[in-house]
Each structure stands twice: as structure tokens, then as C-alpha cells.
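Listed below are the residues making up each chain.
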Amino acid sequence: MAGGNFDTINRIFDTFAVTSRSRYVYVYDMERNISRWSANAVDYFGLAGEYIYNASSVWETRIHPDDRDKYVEYLGVVFSGEKTDPTFEYRAKNKNGEYVICSCRGVVIKDYAGKPVFYACSIINKGIVDNNDPITLLPNQYEMLNYMRQLKARLKQYSILLINYIDFGDVNRRFGYMTGNNILRSTATRLVQEGRNLGRAFRGDGTTLAFISDSMTIDDIKKFYGRMRAFARESLLVNDSKIGAELAGGVIVATDHNVDEHSIYTSAKYALDYSKTQKHGNLIIFHNDELDNNKSSLELVDAVRKSVLNGFEGFYLEYQPVVSAANGRLVGMDVLLRWRKAPYGSVSPAEFVPWLEQDPVFYTLGNWVLESALKDALEIRKTIRDFYLRVNLAFMQLERSEFRTTLLELLRRTGYPATGLCLEITSGSRQLSMEHLKSQIEFLKSCGVRVGLDCVDFASLDFVRHLPIDLVNLSPSLTGNIADNLTVKYTIEAITSFTHRLGIRTCFTGVEDEATASIARQYPISDIMGYYYGRPARIEDFKKLSFFTQQ
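Going along each chain's sequence as written, the residues are numbered from 1 onward. Note on the predicted model: pLDDT of at least 70 is required for a residue's local features to be given, and 80 or more for side-chain atom pairs to be given and counted; whole-chain, interface and lining totals, by contrast, use all residues. As a rule here, side-chain values cover all heavy atoms of the structure and leave hydrogens and water aside.

(A) Inspection of the sheet that holds strand β4 (residues 87–93) at higher detail. The strand order across the open sheet built from six strands is β3-β2-β1-β6-β5-β4, with neighbouring strands paired in antiparallel fashion. This sheet does not close on itself; its edge strands, each paired only once, are β3 (51–53) and β4. Within the sheet, the average angular offset between the axes of one strand and its neighbour, ignoring direction, is 30 degrees. Note: strand β1 (residues 23–29) against strand β2 (residues 34–37), four bridges, orientation antiparallel. Across the sheet, D29 pairs through a bridge with I34, a residue of β2. Only strands that DSSP links by at least two bridges are regarded as paired with each other. For the purposes of this entry, the term helix denotes a DSSP run of H or I that reaches at least four residues, the term strand denotes a run of E that reaches at least two, and both are numbered from the N terminus. Here the axes come from fitting lines to C-alpha atoms, over the contacting stretch only for helices, and the angles between their N-to-C directions go from 0 to 180 degrees.

Spelled out as C-alpha cells, the structure:
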């Protein structure tokens, strides 16, 4: 796109894009067949990014087949410059495969010669205008948060129970989205029936359902959840056959009226995720012994979350050197997030990241980490040409389509070369469908970015079968005690042989002494990292490390 038109379409968009949850906008450059879409449209409909080539064809595939011909006819009339009714309705499919009624209202912008050059359009999603979820017919997440605020204002103690299927993605893959929607609707209906006169049911984000009660005890909730699990196991039918689905559940009792409702919801989501991934669906009560995290508290989670919203107050980055296994020369650095604030002092990321990963603010924090690290690494990259920066990608960054646009903007703004960046995916990425994950990874690769994998066990290597991985990072959970444990030695031997044959760069981490370094170099690895080569440090101290100054 030429610079002039690029600036024009952005000026039009910035003027036009005053959006809400249910209103989306786009501006279309007719001559170059390029359009820009608002971020909420990208997220809701699962578009590839804010800027889309051949948008008419891309969007047309999302229109309901019965509405498609009228839609094409309408656009033909509009784009020709003829006058017509500016408002048109049709059904469009969102990223979950659900059709929602959209009301489209657009205007053609002409040049001085009267030729149509831009089309600016506002789309209203009628499926969420009334704040009800069109699939489950339950009040949506925004209504849920409003209700929590009301209870807080009335100083009411309440419980919020979150339930979800342990692998709803598998349900969709086996039976299709329409059947998946019917199952979700049936579950929501049963939730309302079981909770009649006890509380209110809502649809949370994704396929999560919520139940809020200001009268039920924990024992009541345990029995309530038990009945919902029995329903999922015994009463869900597909073609008259039981599917035996398994629910997971997390609950939190909100007693502190100084804590933000978003933090309460995030904590309940953490408990739900723990139930899914660690406890096979058993109900997890936030802040009990099962969470194995006695130092953490809802107060701490709330403080960390507010720090993100207050301009990342208390957050800072440290870097750990990555060296060449062949000669010990500096080749990169790993980014580590830190947080310090009174009265909590320095808090380990292990205590707050698992919670924040369940909260939308983590997307913003992840982007801040990436931009700050790119700025810090730029000077080093200019000195060491093959130097690379390693940054873990948050689940929410990979989940959101708009991350593509954000990444390109950060690289442009900082001037850091994409080829010197390695973005690492973690085990949390398993929550995403492989189709979506593959699309995101292929985009990163097309930009020149390297893609790393944080390998914590053999199961992590399954990503290598499906994704174009450039680097495998062997975590200390794999390499620990290698000097004395024959099983660990054979495990590392198998993994490094596998990655070496595939031409994948491999980093051995957790090296704390020369003996372990010597063992590590016996394997076909590329890089080494650990306290033996340097502890995590802020960028100013990192640049003072001896092996760095000797480059």
C-alpha cells in the first residue's frame, strides 16, 4: 500500500473507530483491495489481523450461505457508487462457529473526481446487544461482572463457581460445532434448573459457565457441583448415545470487599484450570491446601493485577545469558519477569503468573515485556550480529489474532530485527487448537521470527510433529541431577539426538557448575544456560558480565 493511501485509511479509521463490545468497524481501500478492521472484530470473528487483503472474499466466507447472494449484490451496488439503503442485515459466523445477526451500515467516500475510493462501515452484533449469550441464552460475562460489583457494593459475601468441560475442543472435533453448541446449551439449562432460587447462572469467557450465590455454603456448592458432574457423565446424548463428558470446577468465596471483581474472577479461573489440568475434574476451592501455594493470596493477586493497570508499576525485567556450547561465546539472553512492591517485597513469578494467565490484563503485560526486552537488546544485537533474544509468549498473546499486528508494530517501533528474536511457546499453549496455533506460528516464521519450545517433558515434543520449531529449550525439570541419574542422562540423550537429526537448535539449561557443563557438552546441543555462566540481572548489570565485555 502506498504511503499516502496508508495514511489516509488510518486517518479515516481512527476517526471512525469508536467501538463498543457489540459494534465493529472497518475501512476498505477499494483500489488496493485492503481493509482495516477494529480489534474487537478481529477477536470476535477470528480474523487474521487488523489489515486484510481481499477482505470482501475473506468476509464473504463468514456470511451464512442463505444470505451470501444478497450480501454480494448489496456490496456491488454500494461499491459502484449508486444510492441504496445504507443499512443491511445478514448472519455472520464468529470464531466459535456460531452465526450472529449483524446490522451493517456503511458510507462510500469519493475522490475529487467523484470516483468511490473508500468504504467505511459500522457493524452491530445484535447477538450481544442485550448482553445475553446467543448460544446458552445466559447473561454474558459483562453482566456477571456487573452483578459481582452490585454484591460488593451491598457488602454481600458470595461464592462464584466456574465449570467447564475438561476438553471441550475434543467435543467439537468429534461431533462438530453445532453439536458442541447444543451440549453447552443443555449444560447451561441444567445449571439454571439446579440453581433455581439459589443463585444466578452466567456464561463466562470461552465455554466457561458460572454460578454465583450469596446464600450457599461450601458444602452446598460441593453437592451442587456433584450433581452437575453426574449430569455431564450420564445425561448428555449425541444420536441417542451417552458421550460421558467430564466437567472441571473451581470456586472462590468472595469475602474481601476491597478486592476487585476481576481479580476474584481470575482466581476462580485459576482454580478451574487447576481442576482441569491437575485434579481430573475434582472441585478446587481457591486458597485451600490443594493449591500448594500457601504464600499466595487473593490480596496479592489483586495487587499484582492493579500494578499492570497502573502502568506496570513494580514490574521489571532481568536477563540471563545464553552461551555457545562450542566455545562459551555469548549468543543470546533469556527474558525473566520480576515484580517488587511494598508490603509484599520481591514476589516470584511462580506465585502470580499462573493467576495472571487467566486474566485479560496478561495480554497487555506480555506485550510490555516484549517491547521492553526488544529495546534493551537492540544495542547488544548491533554489536553481536548473531545474538538473539528469547521471550516466552503468553497463552493470551497466541490466542488473540490481533497479536500479529501488535508484534509487527513493536518490531517497527523499536527497530529490532525480527531475525534476532526467538518467541517461545510453553505447555499452556496446549489449550489452543492445533489449527489456530499452527496459523500463528507460521505467521511468526513468515516475519523472520524464530520459534522456540520450552520442553519440560517428553509430551512437549509433540509440538515438534505439528509446528516448525527452530529451538528446543531443555528446562531444569529435565536436566536436573543429570550427573547422578542415569534415567536423566538417557532422556537427554534421546531428546537431543531427536532434535539434532531434525536440525533444531537445542539449549541445555540449569547448568550451575563446570562438571554439569562438561556433561552437557557431550550431547549434540547448540547453547547452554545456567548460573554457572551468569545469574539473571538487569540490563545494566548484564552488559558488565565478563564474557560479554570480552566479545
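Moving on from the coordinates now.
(B) The arrangement of the sheet that holds strand β13 (residues 284–285) in detail. An order of β8-β9-β7-β12-β13 is seen for the five strands of this open sheet, with the pairing classed as mixed. Taken across any chain shown, the strands that pair with only one partner, and hence form the sheet edges, are β8 (200–203) and β13. Note: β8 against strand β9 (residues 209–213), four bridges, orientation antiparallel. Within β9, the residue paired with R200 across the bridge is I212.

(C) Broad picture of the pairing of strand β15 (residues 330–341). Each residue's exposure class comes from its accessible area (1.4 Å probe, protein chains only) as a fraction of the maximum for that residue type: buried when under 20%, exposed when over 50%, partly exposed otherwise. Burial analysis of β15 places nine of its twelve residues in the buried class, the great majority of the element. Across nine bridges, the pairing between strand β14 (residues 315–324) and β15 is antiparallel. Among the inter-strand pairings, Q320 is bridged to a residue of β15, identified as D334. By the bridge criterion, three bridges tie β15 to strand β17 (residues 388–392) in an arrangement that is parallel. Looking at β17, one finds that G332 is bridged to Y388. When β15 meets strand β16 (residues 345–347), the two strands line up antiparallel, connected through three bridges.

(D) The arrangement of the environment of T189 in detail. Tracing the sequence through the fold places T189 in helix α7 (residues 177–194). With relative accessibility at 39%, the residue T189 sits in the partly exposed group.

(E) Broad picture of the packing of helix α5 (residues 141–153) against helix α9 (residues 261–278). α9 packs onto α5 with a crossing angle of 120 degrees between their chain directions and a minimal axis gap of 9 Å. Once α5 is placed against α9, the crossing between them reads as right-handed. Where α5 approaches α9, its residues Q141, M144, L145, M148, R149 and K152 are matched on the opposing element by E261, H262, I264 and Y265. Its residues placed into classes, the contact of α5 with α9 shows five nonpolar, two polar and three charged. Working rule for handedness: look at the near helix, and if it is turned counterclockwise from the far one by less than a right angle, call the crossing left-handed; if clockwise, right-handed. Contacts between residues were defined by any pair of non-hydrogen atoms, one from each residue, lying within 4.5 Å. Only Asp, Glu, Lys and Arg are considered charged, only Ala, Val, Leu, Ile, Met, Phe, Trp, Tyr, Cys and Pro nonpolar, and every remaining residue, Gly among them, polar.

(F) Structural context of the packing of aromatic side chains. Each pair of aromatic rings taken from Phe, Tyr and Trp, with Trp reduced to its six-membered ring, is defined by centres within 6.5 Å and is described as stacked if the planes are under 30 degrees apart, edge-to-face if over 60, and tilted in the remaining cases. A complete count under the given rule lists 18 aromatic pairs for this structure. Note on Y26 and W37: the rings are 4.2 Å apart at their centroids and 20 degrees apart in plane angle, and the pair reads as stacked. You can see Y26 sitting in strand β1 and its partner W37 sitting in strand β2, a full eleven residues away along the chain. The same class applies to Y26 as to W37, namely buried. With 5.1 Å between their ring centres and 70 degrees between their planes, Y71 and Y90 make a pair best called edge-to-face. Taken together, the residues Y71 in helix α4 (residues 68–79) and Y90 in strand β4 connect sequence positions 19 residues apart. Note on accessibility: Y71 and Y90 belong to one class, buried. Among the aromatic residues, ring-to-ring pairing joins Y24, Y26, W37, Y44, F45, W59 and Y119 into one connected group. The ring of Y363 carries R400 above its face, with NZ or CZ at 4.4 Å from the centroid. Two limits define a charge over a ring: the Lys NZ or Arg CZ must be within 6 Å of the ring centre, and within 35 degrees of the ring normal. Over the face of the ring belonging to Y316 we find R538, whose NZ or CZ atom lies 3.8 Å from the ring centre.

(G) Representation of the pattern of salt bridges. By convention in these notes, a salt bridge is any Lys or Arg side-chain nitrogen within 4 Å of a carboxyl oxygen on Asp or Glu. Summed over all chains, the structure comprises 29 salt bridges. Salt-bridge contacts for K306 lead to D302; the nearest nitrogen and oxygen are separated by 3.0 Å. Of this pair, K306 and D302 both sit in helix α10 (residues 298–309), four residues apart, which is roughly one turn of that helix. Note that D334 is salt-bridged to R390, the shortest N-O span being 3.4 Å. Here R390 lies in strand β17 and D334 lies in strand β15, a separation of 56 residues in the sequence.

(H) Spatial organisation of the nonpolar core. F315, L389, L421 and L444 are the most contacted members of the largest nonpolar core, which totals 82 residues. In terms of residue count, the dominant contributor to this core is helix α12 (residues 361–383) (twelve residues). Dropping the residues within four chain positions of it, L389 is found in contact with Y319, M333, V335, A373, L374, A377, Y416, G420, L421 and C422. The nonpolar core is taken to be a set of buried Ala, Val, Leu, Ile, Met, Phe, Trp, Tyr and Cys residues, with the residues joined through side-chain atoms within 4.5 Å.

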